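Here's the letter readout for the chains.
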Amino acid sequence: MSERLTVALQYALPKRLLTQLAGKLAGLEGGKATTAVIRWFVGRYGVNMAEAANPDPAGYASFNEFFTRPLREGVRAIADADFVCPVDGAISQFGPIEFDQIFQAKGHSYSTTALVGGDRTLAARFEHGDFATIYLSPRDYHRIHMPCAGRLTQMIYVPGELFSVNPATARGVPGLFARNERVVCVFEGAFGPFVMVLVGATIVGSMATVWHGVVNPPRMPDIEKRTYAEGEVVLDKGAEMGRFLLGSTVVLLFPKDVLRFASEWAPALPVRMGEPMAQLHPRAS
């Protein structure tokens, strides 16, 4: 199927209804039927169960439990770098934010203001900064970790569309990551603020954080903001901060002159949680 047709179909499909149905099915505890689905999924997508804390597909009561499975201890080392990759996946894009524009794909950019839910004051802190967009495929580990130590200051739920976030859709849907439903997590680090945006997608049953639990569903009609007192939520580099129930994308924002990405980073490069992502910029030292 051509990319153009794939994207066109997404405009026509009842994405919200499909997502709600998938979420309910993924939460069912169906015994042997659930195990059969998990075994099919592992084979279809080449999931490496040897890395899982529980490698037995029959050991998961529901598909959701399997999909958010923890890794076996020691499988992912946290690198001695200032910033580490927060997820397993593939780099979609990364680099400088041009004033307030984030590059999505050839011919498509979107604004930081739109991404964070319309908060111009927050977005202004990242003008001429840096971003990284990482796509998690169905085969990947779906827990999200901290790229560096940070203190949570705000969480913003932004309602939106539920387009797929695969590379083909990123090339075909303008402003994709600022159109889809998302959870914007704002932190303060040793160098200043940084943002982690969990982007929803078709059939992503829910997104969750370690401090709040499941954020959606329910899917709220309006933007909702929560603020956190100093010291209320503090997470170390490499600590788990959230998870997706079915795959999606994480977008990271950093201020100007805070980091320099690793020299080996490139679009489409597979990455793993805990690997070096960047070092502090000399001006931030």
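Worth saying up front: this structure is predicted, and the values here are computed from it rather than measured.

1. What to know about the sheet that holds strand E18 (residues 276–280)
Moving on, step 1. With antiparallel pairing, the three strands of this open sheet are ordered in space as E1-E18-E16. A single partner strand is all that each edge strand has here, and the edge strands are strand E1 (83–84) and strand E16 (259–261).
Moving on, step 2. Across three bridges, the pairing between E16 and E18 is antiparallel. Bridge pairing links Leu 259 to Leu 280 in E18.

2. Description of the sheet that holds strand E6 (residues 143–145)
The pairing of strands in a sheet comes from backbone hydrogen bonds and takes either a parallel or an antiparallel form.
Moving on, step 1. Across the sheet, which stays open at both edges, the four strands sit in the order E6-E14-E10-E11 with antiparallel pairing between neighbours. Sheet topology places E6 and strand E11 (213–216) at the edges, where each strand pairs with a single neighbour. Neighbour-to-neighbour, the strand axes of the sheet open up by a mean angle of 25 degrees, direction not taken into account.
Moving on, step 2. With three bridges connecting them, strand E10 (residues 206–209) and E11 associate as antiparallel partners. Following the sheet pairing, Met 207 is matched in E11 by Asn 216.

3. Quick word on unusual backbone geometry
Moving on, step 1. Phi at Phe 99 is positive, roughly 60 degrees, even though this residue is not glycine.
Moving on, step 2. Residue placement: Phe 99 occurs in the loop between strand E2 (89–96) and strand E3 (101–105).

4. Quick word on the environment of Pro 167
Moving on, step 1. Among the secondary structure elements, Pro 167 is positioned in helix H7 (residues 167–172).
Moving on, step 2. On a C-alpha basis, the gap between Pro 167 and Ser 92 in space is 7.3 Å, while along the polypeptide they are 75 residues apart.

5. Structural notes on the packing of aromatic side chains
Moving on, step 1. Taken as a whole, this structure holds 20 aromatic pairs when the rule is applied.
Moving on, step 2. For the ring pair Phe 261 and Trp 265, a centre distance of 5.5 Å and an interplane angle of 20 degrees mean the geometry is stacked. Judged on exposure class, the residue Phe 261 and its partner Trp 265 are both buried.
Moving on, step 3. Taken together through their ring pairs, the aromatic side chains of Trp 40, Phe 41, Tyr 45, Tyr 60, Phe 63, Phe 66 and Phe 67 make up a single cluster.
Moving on, step 4. Residue placement shows Arg 44 over the ring face of Tyr 45; its charged tip is 4.8 Å from the ring centre.

The rules behind these values
- Residues numbered from 1 in each chain as written.
- Predicted model: local features only at pLDDT ≥ 70, side-chain atom pairs only at ≥ 80, totals over all residues.
- Heavy atoms only, no water.
- Pairing = 2+ DSSP bridges.
- Helix = DSSP H or I, 4+ residues; strand = E, 2+ residues; numbered from the N terminus.
- Axes fitted to C-alpha atoms, helices over the stretch in contact; angles between N-to-C directions.
- Phe/Tyr/Trp six-rings, centres within 6.5 Å; stacked < 30°, edge-to-face > 60°.
- Buried < 20%, exposed > 50% of the residue type's maximum accessible area, 1.4 Å probe, protein only.
- Lys NZ or Arg CZ within 6 Å of the ring centre and 35° of its normal.

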